[in-house]
Amino acid sequence: MAAVELGDRLAGLSLGRSTPATVRVTGLGRAFGDRPVLEGVDLEVAPGEIVAILGASGSGKSTLLRIVGGLDAATAGTVTIDDHVVAGIDDRVAIGFQEPRLLPWRTVADNVAYGLPSGIAKDAGRARVAALLELVGLDDFAGHRPRAISGGMAQRTSLARALARDPGVLLLDEPFGALDALTRMRMQDLLLGVLDTAPTTVLLVTHDVEEALQVADRVVLLGTEPDRAGARIQQIVTVPGARPRDRGSAELAELRAELLAGLGIDRHAH
Amino acid sequence: MTESATLRPTSAAADAAELDAARPRGRRRPRRGALANPAVRVALGALIPLVLLGIWWALTIPGAAIVPPYRFASPLAVWQAGVDLAERGELGRFAAISLQRVLLGFAAGAALGLVAGGLVGLSRLFESLLGPFLGIVRAVPSLAWVPLLIVWFQIGEQSKVILVAIGAFFPVFTTVSLALHHVDRGLVEVARAFGRRTLGTFLSVQLPSVLPAVFTGLRLALVQAWLFLVAAELLGASMGLGFLLSRGQSNGRLDHILLAIILLAVAGKLTDSVLALVQRWAARRWS
Ligand SMILES: Nc1ncnc2c1ncn2[C@@H]1O[C@H](COP(=O)(O)OP(=O)(O)OP(=O)(O)O)[C@@H](O)[C@H]1O
Ligand SMILES: [Mg+2]
């Protein structure tokens, strides 16, 4: 009941800017100095699609996300969002960073408000922040400073800040990394709930295969081939079944084993 | 399960537990025992000055002085000198003119230091342009400016205010430009990612980040301002606490010298306390 109400409230607060956008990555490469990190990455994400990016630590997941978000520049190839070539920050894109990165001198509520798009009316902004805080379960902590909340709460604040933007493309870099298993699952459900009411194209970086299989329409596996320095897309998997998915299904178990093997982990060796 | 249960990511109890885990971070160690009492701390702070006053008094008891009066004036003599100068109107005039010079010079120097520190800290261009030049200027010993300023501006107010401003400029400039270099890049990136341009980034991230350093710089600058004031007044003035010092020296008036030293200490401490109060308020607001 409450979810429906809150969903309605958020939907009512939709700022009408969030038409989900198409993200197209073409021949993307990124080298730091002469060390290639990404090579020849091609990916097309349909409007409203949720794509999870899996990969080992250091495989360039954050780098890819930062380039799509306009925070870093590719050394080869292009990224387009709805046919606009990305060259800097695009105000339809919102980013949830790998670390919460909250402004320590602002309260939780003011940190969420920091994500509001410019030009939004004061009252509308305040209502939106209140609804988002309720959504991520932090309404009781609206007045707290970041140093007075836990790491998991800070990550939820960071997620709410990104959602406040009402983005057409939502880039999330391990948004639930600091959460315990239970909270993590709840937050995954919650994110899906938000996306139901306010559909957005989502690129979600994670190193958690389970999370990718629960949340994503497709899973992209980034990795380095033995004879190459830069990471490429190793595999793109379409996850079967409508959400919420049964975590125990045999089909998913098979995919899970496949992805874990792709990450270089042999399940049977454990 | 109700919908609200799935919606709430954590129960209140889990939040409380999370918060408990978070609590020790960034908190000051609680003061323990008698030191928790502010009155006790004030009394402790007053202890050494009072003991020194007692020793001073004991060494200079009129009639039975261990140190002869021409070497050291007694506390009573200093007090009387103060009353005497006050009655003649000199004391108020001297203190007021010195305070005026410090405040004017401090305001001008600190304002310029903020601007220059901001430019050098925020812009590579200004860093290359201004950094080396200001580094050279800073290397000039402060007293070396005095003859030049006196030739240019005579022994008027300007020469003193400018010297004080030079003294106040550098601590502010240095702390602000350094602090801006060390602003968390991640937060600057957040500002950009959420659509802030140069000014918006400065106001929402860089300025709040460097405020504590700004206040440190301002307090150092105030100390320097008093230092440079005395230098200016010692070397050429007809009024002021520094002039009281130099006149006392040439007349052999130890009571005047000691009085000027005590007044400078009190004035410096009082002006610093005002800044410390503002700093405390700012730290609560922006940390
Ligand atoms: N600014 C930079 N300068 C130099 N090298 C960089 C820079 N940013 C990233 N790298 C390098 O690029 C590689 C990929 O980094 P990236 O942060 O994208 O990995 P990741 O897949 O997100 O890893 P993790 O799962 O640990 O977050 C790393 O080897 C890293 O050292
Ligand atoms: Mg990363």
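Residues numbered from 1 in each chain as written. Chains lettered and ligands numbered in written order. Predicted model: local features only at pLDDT ≥ 70, side-chain atom pairs only at ≥ 80, totals over all residues. Heavy atoms only, no water.

1. Regarding the packing of aromatic side chains
One pass over the structure, following the stated rule, counts six aromatic pairs over all chains. Consider the rings of B:Phe94 and B:Phe243, whose centres lie 5.7 Å apart with planes at 80 degrees: the pair is edge-to-face. Of this pair, B:Phe94 sits in helix H5 (residues 90–122) while B:Phe243 sits in helix H11 (residues 241–251); the two residues are 149 residues apart in sequence, bridging distant segments of the chain. For B:Phe94, a relative accessible area of 2% translates into the label buried. An aromatic cluster of three or more residues is present, and its members are B:Phe169, B:Phe170 and B:Phe173. Geometry around A:Phe97 places A:Arg101 over its ring, the cationic atom sitting 4.1 Å from the centre. Seen from the ring of A:Tyr114, B:Arg196 lies directly overhead, with NZ or CZ sitting 3.9 Å from the centre. (Phe/Tyr/Trp six-rings, centres within 6.5 Å; stacked < 30°, edge-to-face > 60°. Helix = DSSP H or I, 4+ residues; strand = E, 2+ residues; numbered from the N terminus. Buried < 20%, exposed > 50% of the residue type's maximum accessible area, 1.4 Å probe, protein only. Lys NZ or Arg CZ within 6 Å of the ring centre and 35° of its normal.)

2. Let's talk about the packing of helix H8 (residues 157–181) of chain B against helix H10 (residues 198–235) of chain B
Residue and element names in this part refer to chain B. Taken N-terminus to C-terminus, the directions of H8 and H10 make an angle of 155 degrees; their axes are 7 Å apart at the nearest point. Relative to H10, H8 is oriented roughly antiparallel. Handedness of the H8/H10 crossing: right-handed. Of the residues assigned to the contact of H8 with H10, the class counts are 20 nonpolar, five polar and two charged. (Axes fitted to C-alpha atoms, helices over the stretch in contact; angles between N-to-C directions. Parallel < 35°, antiparallel > 145°, perpendicular 65-115°, else oblique. Left-handed = near helix turned anticlockwise from the far one by under 90°. Nonpolar A, V, L, I, M, F, W, Y, C, P; charged D, E, K, R; others polar.)

3. Overview of the confidence of the model for chain A
For chain A, the mean per-residue pLDDT works out to 87, and 91% of the residues sit at or above 70. Per-residue pLDDT, averaged within each element of chain A, yields its smallest value for helix H1 (residues 2–12) of chain A (57) and its largest for helix H3 (residues 108–113) of chain A (96). (pLDDT = per-residue confidence, 0-100.)

4. A word on the pattern of salt bridges
Summed over the entire model, instances satisfying the criterion amount to 20 salt bridges over all chains. The salt bridge partner of A:Asp82 is A:Arg92, with a shortest N-O separation of 3.6 Å. Of the two residues, A:Asp82 is situated in the loop between strand E4 (76–81) and strand E5 (84–85) and A:Arg92 in the loop between E5 and strand E6 (93–96); the sequence distance between them amounts to 10 residues. The exposure class of A:Arg92 is partly exposed, given its relative accessible area of 23%. The network of salt bridges with common partners includes A:Arg66, A:Glu99, A:Arg101 and B:Glu189. (Salt bridge = Lys/Arg side-chain N within 4 Å of Asp/Glu carboxyl O.)

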